Amino acid sequence: MLSYQHIFHAGNHADILKHITITLILTYLTQKDKPITVYDTHAGAGLYSLNDERALKTGEFSEGIKKLITVINQNKLNNEVQKLISPYLKIVKNYYSNNFYPGSPFFELNLLRKNDEIILSELHPQVINELKKNIKTELSNLHTNHNDNIPNVNIHFRNGIEMLKALTPPKTKRGCAIIDPSFEDKSDYDDVANLICDIYKKWSNGTLVLWYPLIERRSYEIDFMKNKIKDLVNQSSLEDKTIDIQLEIKNPAEMTGLANLYGSGMFVVNPPYELKSQMALITTSLKELLI
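Quick look at the structure, then. Please read all numbers here as calculations on a predicted model, not as lab measurements.

1. Regarding the nonpolar core
Note on soluble globular proteins: their nonpolar side chains tend to be buried together.
Line of reasoning, step 1. Residues Ile65 and Tyr88 are the most contacted members of the largest nonpolar core, which totals 92 residues.
Line of reasoning, step 2. At nine residues, the largest contribution of residues to this core is made by helix 1 (residues 13-29).
Line of reasoning, step 3. Filtering out sequence-adjacent residues up to four positions away, isoleucine 65 remains in contact with Gly11, Ile16, Leu50, Tyr88, Val92, Tyr96 and Tyr101.

2. Remarks on the pattern of salt bridges
Proximity of charged atoms lets side chains of opposite charge pair with each other.
Line of reasoning, step 1. Following the criterion strictly, the structure yields ten salt bridges and no others.
Line of reasoning, step 2. We note a salt bridge from glutamate 221 to lysine 186, for which the minimum N-O separation is 3.7 Å. Of this pair, glutamate 221 sits in helix 10 (residues 219-233) while lysine 186 sits in the loop between strand 6 (175-179) and helix 9 (187-202), and the two are 35 residues apart along the sequence.
Line of reasoning, step 3. Residue glutamate 221 is classed as buried on the basis of its relative accessible area, which comes to 12%.
Line of reasoning, step 4. A salt bridge links aspartate 190 to lysine 228; the nearest nitrogen and oxygen atoms lie 3.5 Å apart. Here aspartate 190 is found in helix 9, whereas its partner lysine 228 is found in helix 10, with 38 residues between them in sequence.

3. Focus: the sheet that holds strand 1 (residues 37-40)
Line of reasoning, step 1. Taken together, the seven strands give an open sheet; going across it, the order is 5-4-1-6-7-9-8, and neighbouring strands pair in mixed fashion. With one partner strand each, in any of the chains shown, strand 5 (152-156) and strand 8 (242-248) form the two edges of the open sheet. For this sheet the average axis-to-axis angle between neighbouring strands, irrespective of direction, equals 15°.
Line of reasoning, step 2. Sheet topology places strand 1 next to strand 6; four bridges connect them, and they run parallel. Among the inter-strand pairings, tyrosine 39 is bridged to a residue of strand 6, identified as alanine 177.
Line of reasoning, step 3. Packed on one face of the sheet, helix 1 meets strand 1, strand 6, strand 7 (207-215), strand 8 and strand 9 (261-269) and runs near 15° to strand 9.

4. Details of the state of the cysteines
Line of reasoning, step 1. This model, assessed by the stated rule, comprises zero disulfides.
Line of reasoning, step 2. With no disulfide partner, cysteine 176 has as its closest neighbouring cysteine sulfur the one in cysteine 197, 18 Å distant.
Line of reasoning, step 3. Judged by relative accessible area, which is 1%, cysteine 176 ranks as buried.

5. Observations concerning the side chain of threonine 207
Line of reasoning, step 1. Topologically, threonine 207 is positioned in strand 7.
Line of reasoning, step 2. Residue classification places threonine 207 among the buried residues on the basis of a relative accessible area of 5%.
Line of reasoning, step 3. There is a polar contact of 2.9 Å between the side chain of threonine 207 and the backbone oxygen of asparagine 270.
Line of reasoning, step 4. With residues up to four places along the chain from it excluded, the contact list for threonine 207 reads Ile25, Leu29, Gly175, Cys176, Ala177, Val268, Val269 and Asn270.

6. Notes on the packing of aromatic side chains
Line of reasoning, step 1. Tallying each qualifying case throughout the model produces six aromatic pairs.
Line of reasoning, step 2. Where tyrosine 220 meets phenylalanine 224, the ring centres are 6.1 Å apart and the plane angle is 25°; that geometry is what we call stacked. Of the two residues, tyrosine 220 and phenylalanine 224 both sit in helix 10, four residues apart, roughly one turn of that helix.
Line of reasoning, step 3. Taking the relative accessible area as the measure of exposure, tyrosine 220 reaches 60% and is therefore exposed.
Line of reasoning, step 4. Judged by its relative accessible area of 41%, phenylalanine 224 falls in the partly exposed class.
Line of reasoning, step 5. Chaining the aromatic ring pairs together yields one cluster made of Phe183, Tyr189 and Trp211.

7. Examining the side chain of asparagine 12
Line of reasoning, step 1. Counting through the fold element by element, asparagine 12 comes out in the segment before helix 1.
Line of reasoning, step 2. At 3.0 Å, the side chain of asparagine 12 forms a polar contact with the backbone nitrogen of aspartate 15.
Line of reasoning, step 3. Within the local environment of asparagine 12, its side chain forms a polar contact with the side chain of glutamate 60, the two groups lying 2.7 Å apart.

8. A short note on helix 5 (residues 86-96)
Line of reasoning, step 1. Every buried residue of helix 5 is listed here: Tyr88, Leu89, Ile91, Val92, Tyr95 and Tyr96. Seen along its axis, helix 5 keeps its buried residues to an arc of 165°; they face one direction.
Line of reasoning, step 2. Here the buried face of helix 5 lies against helix 1, strand 2 (47-49), helix 3 (65-73), strand 3 (100-102), helix 6 (104-111) and helix 7 (125-144).

How each quantity is defined
- Residues numbered from 1 in each chain as written.
- Predicted model: local features only at pLDDT ≥ 70, side-chain atom pairs only at ≥ 80, totals over all residues.
- Heavy atoms only, no water.
- Core = buried A, V, L, I, M, F, W, Y, C linked by side-chain atoms within 4.5 Å.
- Buried < 20%, exposed > 50% of the residue type's maximum accessible area, 1.4 Å probe, protein only.
- Helix = DSSP H or I, 4+ residues; strand = E, 2+ residues; numbered from the N terminus.
- Contact = heavy atoms within 4.5 Å.
- Salt bridge = Lys/Arg side-chain N within 4 Å of Asp/Glu carboxyl O.
- Pairing = 2+ DSSP bridges.
- Axes fitted to C-alpha atoms, helices over the stretch in contact; angles between N-to-C directions.
- Disulfide = S-S within 2.5 Å.
- Polar contact = N/O pair within 3.5 Å; in protein donor to acceptor, adjacent residues only side chain to side chain.
- Phe/Tyr/Trp six-rings, centres within 6.5 Å; stacked < 30°, edge-to-face > 60°.
- Arc of directions from axis to C-beta.

Below you can see the structure in the form of structure tokens.
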């Protein structure tokens, strides 16, 4: 939906879950020397000012990244969990100190290497211009700091679903796709299920990462979406090739009206081996700290 702008929600609990998951996955994938390709279907602006009136209007970051940073500064976070999320925190603090929060493209820029490739897609006409400007500035900063380990970045002004269908599988063979539409339309759930099934058929070794909202009135659509993907991915396997990570911040029974997001989830096809256990520890701590 062209009406959606992520600046209203930057740095909230859903961003924290999404970006910690992405950081762990990319850290795992870059352990081997072979290059990888990362697709980001809904890239957004890449970087968000927490002083922006839109971010201040909702104040969601105050209950998200601001609260998490405060907890860490007070040494209230479990040592094991803090170690697991330290790569995420290192990146965040580079920008948070100047009242910014990074979007997924900036995590990708910080974690990938010079032979890797990032393919970003954004359809909103205003946001795509912000993305291009922010990426150009960040690349210039990296070069100024004599950082030669910079991945190749390609930005597409197009529908992310169309981009992913057209450009997979990658030449590198290894990599991941990050898919996080706004889910404002009921049809988005079925569209995403069909997309991931189509991509898996031609790129069965790719790590496919889906963010989704936890909304009580959409529970049927959410379950149908995940089950459709699982049925295809696991049809010829004795082991489940997917994991489902959820972070509930509010009680769904208490949610009313249209603003009824009580948490979010990350559904991952072909996840790193330890991701399930790592995220179980992390989400348990986050739930206690962010409620």
